[in-house]
Amino acid sequence: MNDALKYLGWLALVGTFLAPLLYFFDHLGETGLRTTLLVSMLVWFAVAFIRDRQQTSEK
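Below you will find a few notes about this structure. Each chain has its residues counted from 1, running along the sequence as written. Given that the model is predicted, a residue must reach a pLDDT of at least 70 before its local features are reported, and side-chain atom pairs must reach 80 or more before they are shown or counted; all residues, however, enter totals for whole chains, interfaces and linings. Neither water nor hydrogens contribute to the side-chain values; these are computed over all heavy atoms in the structure.

Describing the overall build of the chain
Short version of the rule: Labels follow the DSSP assignment, with helices taken as runs of H or I lasting at least four residues and strands as runs of E lasting at least two, numbered in each case from the N terminus. In this description the radius of gyration comes from C-alpha coordinates, and the expected globular size is given by 2.2 Å times residues to the power 0.38. Contact definition: two residues touch when any of their heavy atoms are within 4.5 Å. For the area figures, the Shrake-Rupley method with a 1.4 Å probe applies, and any residue is considered shielded solely by the protein chains shown.
Regarding its fold elements, the chain presents two helices and zero strands. Compactness check: the chain gives a C-alpha radius of gyration of 14 Å against a globular reference of 10 Å for 59 residues, more than 25% above the reference. Projected onto its principal axes, the C-alpha coordinates of the chain cover approximately 45 × 15 × 15 Å. Across the chain, contacts joining residues at least 24 apart in sequence account for 58% of those joining residues at least 6 apart. Surface summary for the chain: the accessible area is close to 4,900 Å², and the carbon and sulfur share equals 69%.

Describing a nonpolar patch on the surface
Heads up, the rule is: For patch building, the residue pool is restricted to those with more than 30% relative accessible area and no salt bridge; the joining distance is 9 Å between like charges and 5 Å between nonpolar side chains (Val, Leu, Ile, Met, Phe, Trp, Tyr). Salt bridge, as used here, is a side-chain nitrogen of Lys or Arg placed within 4 Å of a carboxyl oxygen of Asp or Glu.
There is a patch of nonpolar side chains on the surface, built from Trp10, Leu13, Leu38, Met41, Leu42, Trp44 and Phe45 and spanning about 740 Å² of accessible area. If you list the elements that add at least two residues to the nonpolar patch, you get helix H1 (2-24) and helix H2 (30-58). Here the nonpolar patch gets five residues from one element, more than from any other, and that element is H2. On the secondary structure map, Met41 appears in helix H2.

Focus on unusual backbone geometry
Put simply, the rule is: Classification of residues uses two cut-offs on accessible area relative to the type maximum, computed with a 1.4 Å probe and protein chains only: under 20% is buried, over 50% is exposed, and between them is partly exposed.
The backbone of Asp26 shows a phi angle near 60 degrees, a positive value even though the residue is not glycine. Along the polypeptide, Asp26 turns up in the loop between H1 and H2. Classification of Asp26 as exposed rests on a relative accessible area of 70%.

With respect to the packing of aromatic side chains
What counts here: Aromatic pairs are defined between Phe, Tyr and Trp rings, using the six-membered ring for Trp, whenever the two ring centres lie within 6.5 Å; interplanar angles under 30 degrees are classed as stacked, those over 60 as edge-to-face, and all others as tilted. By definition here, charges over rings are those cases where NZ of Lys or CZ of Arg is within 6 Å of the ring centre and within 35 degrees of the ring normal.
For the structure shown, the criterion picks out one aromatic pair. Here Phe24 and Phe25 contribute two aromatic rings whose centre-to-centre distance is 5.0 Å and whose plane-to-plane angle is 80 degrees, an arrangement assigned as edge-to-face. Taking relative accessible area as the criterion, Phe25 reaches 54% and is therefore assigned exposed. The ring of Tyr7 carries Lys6 above its face, with NZ or CZ at 5.7 Å from the centroid.

Topic: H1
So the rule is basically this: To estimate how far a helix should extend, the number of its residues minus one is multiplied by 1.5 Å. Bend is the name given here to the angle between axes fitted to two runs of seven residues, the run ending at a residue and the run starting at it.
Relative to the 33 Å expected for 23 residues at 1.5 Å per residue, H1 spans 34 Å between its end C-alpha atoms, a close match to the ideal helical length. When the local axis directions of H1 are compared, the greatest deviation, roughly 25 degrees, occurs at Leu18, which is followed within four positions by the proline Pro20. Buried within H1 are the following residues: Leu5, Gly9, Ala12, Gly15 and Ala19. Where the residues of H1 are buried, they touch H2.

Structure follows, in structure tokens:
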């Protein structure tokens, strides 16, 4: 599960990076940009919260 969370976190980071680039080159509209950034942010913070709780419980 920890590997899946790691990859999901990286995917959220890539989404946060690619969305503005796609918007800049007119491959993504404003609503798509906002939706992608919102979903990426939520996934990133959820993964960070879960991984933090896992590390805290292991100690």
